[in-house]
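Commentary on secondary and tertiary structure
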Amino acid sequence: MRLVILDSSDRVGEWAAKYVLKRIRDFNPGPDKYFVLGLPTGSTPLGMYRKLVEYHKNGKVSFKYVKTFNMDEYANLPRDHPESYHYFMWHNFFKHIDIEPENAHILDGNAPDLKLECENYEKKIKEAGGVELFIGGIGPDGHIAFNEPGSSLVSRTRVKTLAQDTLEANARFFENDMSKVPKEALTVGVGTVMDAREVMILITGAHKSFALYKAIEEGVNHMWTVSAFQQHPKTLMLCDEDATLELRVKTVKYFKGLMELHSKLIADTP
Ligand code: GLP
């Protein structure tokens, strides 16, 4: 596992965008070879999306031969609701780039049969050849996508009932009114993300520092579902200084000492 520690959340967004740009370029996608990207929502990846849009507008990257699969979506929230992940992705990313709309996949939280929707999502990922790079974010309780504490670490895409912590964390997006926060969501499973050829997780802010500690300094534990990625052969975690507050000095020193090596991962990017 690699941990890249950057000065601020802005730097995390920029570094992540450069990495995505480099991976797409190096992959050299075309009509017979699509680059398959897994995507998160939330405030953490916003800086990455802004930068990717900028790189696209400056002609540095095209998404014409990219297929995307989003991690999660609320159940029974209208697609055009400003807090739906469909709305988020369209306004913060898709409408600004050249992706073909049919290549941008997001779970449909209003499908008549949610279970079937989840099964079909898994099929679509397989048909696309699997995910090359899955980008994720976490909640302060260490959940990845909506894989709440206690989720199976081999879980697949399914409907999840959200934990109290998540409902409280999300209340700010729903006028601080708990009754308006959706109680269920559709989410890829931990196993779905584990199947990706590479996973990049963005973690910023002091409120996520305990989760980062649990993710990398303690064992694999279904109560901190992000810790499962210790067992993925290619996990890259990006964090800011604030998120390292609960880590041992030794851990931080070790990974900071690797910074020169990490910089090579984004060599020749803007
Ligand atoms: C929700 C989403 C996660 C996301 C998390 C963090 O729980 N389901 O996919 O990673 O929020 O959001 P933020 O980046 O706003 O802290």
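What counts, and where the lines are drawn
Residues numbered from 1 in each chain as written. Predicted model: local features only at pLDDT ≥ 70, side-chain atom pairs only at ≥ 80, totals over all residues. Heavy atoms only, no water. Axes fitted to C-alpha atoms, helices over the stretch in contact; angles between N-to-C directions. Helix = DSSP H or I, 4+ residues; strand = E, 2+ residues; numbered from the N terminus. Contact = heavy atoms within 4.5 Å. Nonpolar A, V, L, I, M, F, W, Y, C, P; charged D, E, K, R; others polar. Expected span 1.5 Å × (residues − 1). Near = heavy atom within 4 Å. Polar contact = N/O pair within 3.5 Å; in protein donor to acceptor, adjacent residues only side chain to side chain. Areas by Shrake-Rupley, 256 points an atom, 1.4 Å probe, with all protein chains shown as cover. Buried < 20%, exposed > 50% of the residue type's maximum accessible area, 1.4 Å probe, protein only. Pairing = 2+ DSSP bridges. Core = buried A, V, L, I, M, F, W, Y, C linked by side-chain atoms within 4.5 Å.

Glancing now at the packing of helix α2 (residues 46–57) against helix α3 (residues 85–92). At a minimum axis distance of 10 Å, the contact between α2 and α3 shows a crossing angle of 35°. Of the residues in α3, those touching α2 at L46, Y49 and V53 are F88, M89 and N92. Here the contact of α2 with α3 is built from residues that sort into five nonpolar, one polar and no charged.

Helix length check: α2, at 12 residues, gives a terminal C-alpha distance of 17 Å against a target of 16 Å (1.5 Å per residue), a fit within 8%. The secondary structure elements touched by the buried residues of α2 are α1 (9–27), β2 (35–39), α3, β6 (133–137) and β9 (199–203). The positive-phi residue at the C-terminal boundary of α2 is G59, with phi of around 75°.

It is worth spelling out the site of the ligand at this point. Near the ligand the following residues occur: G42, S43, T44, D72, Y85, G137, I138, H143, A145, F146, R172 and K208. Between D72 and the ligand, the recorded distance is 2.7 Å, taken from a side-chain N or O atom to a nitrogen atom. Within the side chain of H143, a nitrogen or oxygen atom sits 2.7 Å from an oxygen atom of the ligand. Starting from 390 Å² of accessible surface for the ligand in isolation, the protein chains cover 93%. In the shell around the ligand, the residues fall into four nonpolar, five polar and three charged.

This part covers the pairing of strand β1 (residues 2–6). Across the five residues of β1, four count as buried, placing the element largely inside the fold. Sheet topology note: the β1/strand β10 (residues 235–240) ladder contains five bridges and is parallel. Of the residues in β10, the one forming a bridge with L6 is D240.

For E73, the location among the structural elements is in strand β4 (residues 72–74). In this structure the side chain of E73 is engaged in a polar contact, spanning 3.0 Å, whose partner is the backbone nitrogen of Y85. Excluding its chain neighbours within four sequence positions, the residues that come into contact with E73 are S84, Y85, H86, I106, L107, G109, A185 and L186.

Grouped together as the largest cluster of nonpolar side chains are 41 residues, with contacts concentrated most on L3, I201, I203, L212, F229 and M237. At the level of elements, β1, α4 (114–127), α6 (190–194), β9, α7 (209–216), β10 and α8 (249–256) are the ones that each hand at least two residues to this core. The leading source of residues in this core is α7, at five residues. Ignoring sequence-local partners within four residues, the contact set of F229 consists of I144, V190, V193, M194, V199, I201 and T235. Counting 38 residues, the second-largest nonpolar core is a separate cluster that includes L39, L52, F63 and L238.

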